[in-house]
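# A closer look at the structure
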Amino acid sequence: MSSSTSKAPDSPVDPTVSSSSIGAPEASPCSESSPVSPWLAPSASGPLNACVRLPGSKSQSARFLYLAAVASGPSRLRGVLDSRDTRLLASALETLGAHFESEEEGAILVHPLDLHACLGEARVAIECGLAGTVMRFLPPLAALFHTPVRFDGDPAARRRPLAPLLDTLSHLGAQIEFEGEPGFLPFTVTGPLRAPADGVLRVDASASSQFLSAMLLLAPLLVAPLIVEAPGRVVSLPHVEMTCEALRRCGCVVEQINEDGSEPLSWRVLPGAPRPQELSVEPDLSNAGPFLAAAMICGGRVRVQDWPEHTKQAGDAWRQILADMGGLVEREGSDLLVTGPAGGRIRGIDIDMSQIGELAPTLAALAACASSPSSIREIAHLRGHETDRLAALAHELREAGCGVEELADGLEIIPAPLIPGLRRAYGDHRMATFAALIGLKAPGTSLDDIASTSKTIPGFARMWEELLGTSGEPS
């Protein structure tokens, strides 16, 4: 699904259907060494009155692609995000034997791989780019084969932590051969795996929920019932819940053992390949953040079409967050409308974001535009994302004139008049959209790498310009 904005919030917006195949990875976004012209962040001339249709959820797209690729028969997916990350994932799954066939109206027919087949080569390679779903979801799947599978990615990907996941695979009998520092890309995985003797599959998810999701996705493909256990703290739990929901939608039996939240969190998973399905991907609610935040900063209103009434996406938290910061948040039919606060006075916020850390860059930009200080807590795990997001946010906020204290696990933000300058994306899509929001308060702001938004919001620059071109009194 592609995305668009419109000046007519009361009428539907027709999506533009991409003509490219999900199975072919697109070129990497601009790297730190690539000479590119900075993108001048546009500003609004007045209050907004805009309607936005978002592309599909990256997180849900990744889970559906994986499950369709290991199902017991062909599946049909609709609304899959067509971005660099999903293309890399689809390409990696094709390397392991799946096949993706584009159909009319953006649907994808997925022919599953054969877990019992030989990959046909002495060694195969998987390109991760900067996609956490590829470097974390696929090593366990690759370990089901006897063929060595090499994983590598962008230079920044070699700094993303993987040790907890790879340690779990080693304990299950997989051979992991590192080419550099243990626990990081590049490495080669060689199977086969063996079921744990005690029937318990343990993984540390304190640094990333993707480690836990990866093992939950693997568990139904093994030959015996398993308990998947996460000792200690689990960050970004909504993503784990999304994984479990996706498994259940495909007929897998996944039961949370301790629904009261007591530690260690654990799930009972029965063996059995996912069943073929027809699945539709929800709009990406995390990516709604920058567009809704624009209404908070510029005034006026922004409508997001087709906001799910019930969802496991972390981005659904925007409804409460923006209300707490002074916005008017309403549902109108299937859409969500956010109207900026009266007088443009955004309230500061004190918030634990341990479960919704991906929203932090957008929230930090809002906090910089607020009328009172904000405290964003419990997000130390963001240091292991596309970049060290805490350090990057602290630096960019200071460079923009904002008061900020970088803590071990969060940020204390003291608003001040923002000044324009060249902001850096660090190859991180969420740092890029952060910079676009800063540009609303500091006209003249530019960004070194707008192409990094292709990771989750293809065409973001066009969408943003269309959004801000809708300035005017709300109808």
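One can find the structure itself at the top, above this paragraph.
Overview of the structure.

Regarding its fold elements, the chain presents 12 helices and 24 strands. Taking 23 Å as the expected radius of gyration for a compact globule of 475 residues, we find that the chain reaches 22 Å, a close match to that expectation. Projected onto the principal axes, the alpha-carbon positions of the chain cover approximately 60 × 50 × 50 Å. Residue pairs at least 24 apart in sequence account for 75% of intrachain contacts in the chain once pairs closer than 6 positions are excluded. One way to put it: in the chain the 38 positive side-chain charges average out to a point 1 Å from where the 57 negative ones average out.

What follows concerns the packing of aromatic side chains. This model, assessed by the stated rule, comprises 6 aromatic pairs. Three or more aromatic residues joined by ring pairs form one cluster here, namely Phe-151, Phe-178 and Phe-187.

A word on the environment of Ser-206. Counting through the fold element by element, Ser-206 comes out in the loop between strand S11 (200-202) and helix H5 (209-218). The spatial distance from the C-alpha of Ser-206 to the C-alpha of Pro-231 is 8.6 Å, given a sequence separation of 25 residues. For Ser-206, the side chain forms a polar contact with the side chain of Asp-204, separated by 2.7 Å.

You can see Met-296 is positioned in helix H7 (residues 288-298). A relative accessible area of 0% places Met-296 in the buried class. The residues contacting Met-296, other than those within four sequence positions of it, are Leu-322, Met-325, Gly-326, Gly-327, Val-338, Gly-340, Pro-341, Ile-346 and Leu-366.

Right, let's get into the pairing of strand S8 (residues 149-152). Here strand S7 (residues 124-127) runs beside S8; their pairing, made up of 4 bridges, is parallel. Each bridged residue has a counterpart across the sheet, and for Glu-127 the counterpart in S8 is Asp-152. Note on the crossover from S7 through helix H3 (residues 132-142) to S8: the handedness is right-handed. Relative to strand S10 (residues 187-190), S8 runs antiparallel, the two sharing 3 bridges. Across the sheet, Arg-150 pairs through a bridge with Thr-188, a residue of S10.

About the cut-offs
Every chain begins its residue count from 1, and numbering advances along the sequence as written. In keeping with the predicted nature of the model, local features appear solely for residues at pLDDT of at least 70, side-chain atom pairs appear and are counted solely at 80 or more, and the whole-chain, interface and lining totals rest on all residues. Calculation of side-chain values draws on the structure's entire complement of heavy atoms; hydrogens and water are dropped beforehand. A run of H or I in DSSP counts as a helix once it spans at least four residues, and a run of E counts as a strand once it spans at least two, with each numbered from the N terminus. For the radius of gyration, the atoms used are the C-alpha atoms, and the globule rule reads 2.2 Å times the number of residues raised to 0.38. In this analysis, two residues are considered to be in contact whenever any of their non-hydrogen atoms come within 4.5 Å of each other. Positive charges are assigned to Lys and Arg, negative charges to Asp and Glu, while His and the chain termini are left out of the count. All charge positions are set by atom: Lys at NZ, Arg at CZ, Asp at CG, Glu at CD. Pairing of aromatic rings covers Phe, Tyr and Trp, the last through its six-membered ring, and needs centres within 6.5 Å; plane angles under 30 degrees mean stacked, over 60 mean edge-to-face, and all others mean tilted. For this analysis, a polar contact is any N or O atom pair within 3.5 Å, provided that within protein one partner can donate a hydrogen and the other can accept it, and provided that sequence-adjacent residues contribute only side-chain to side-chain pairs. Only protein chains enter the accessibility calculation, which uses a 1.4 Å probe. A residue is then buried if its area is under 20% of the maximum for its type, exposed if over 50%, and partly exposed in between. Between any two strands, pairing holds if DSSP finds at least two bridges. Place the viewer so that the strands point away; then a crossover is right-handed whenever the path from the first strand over the helix to the second strand goes clockwise.

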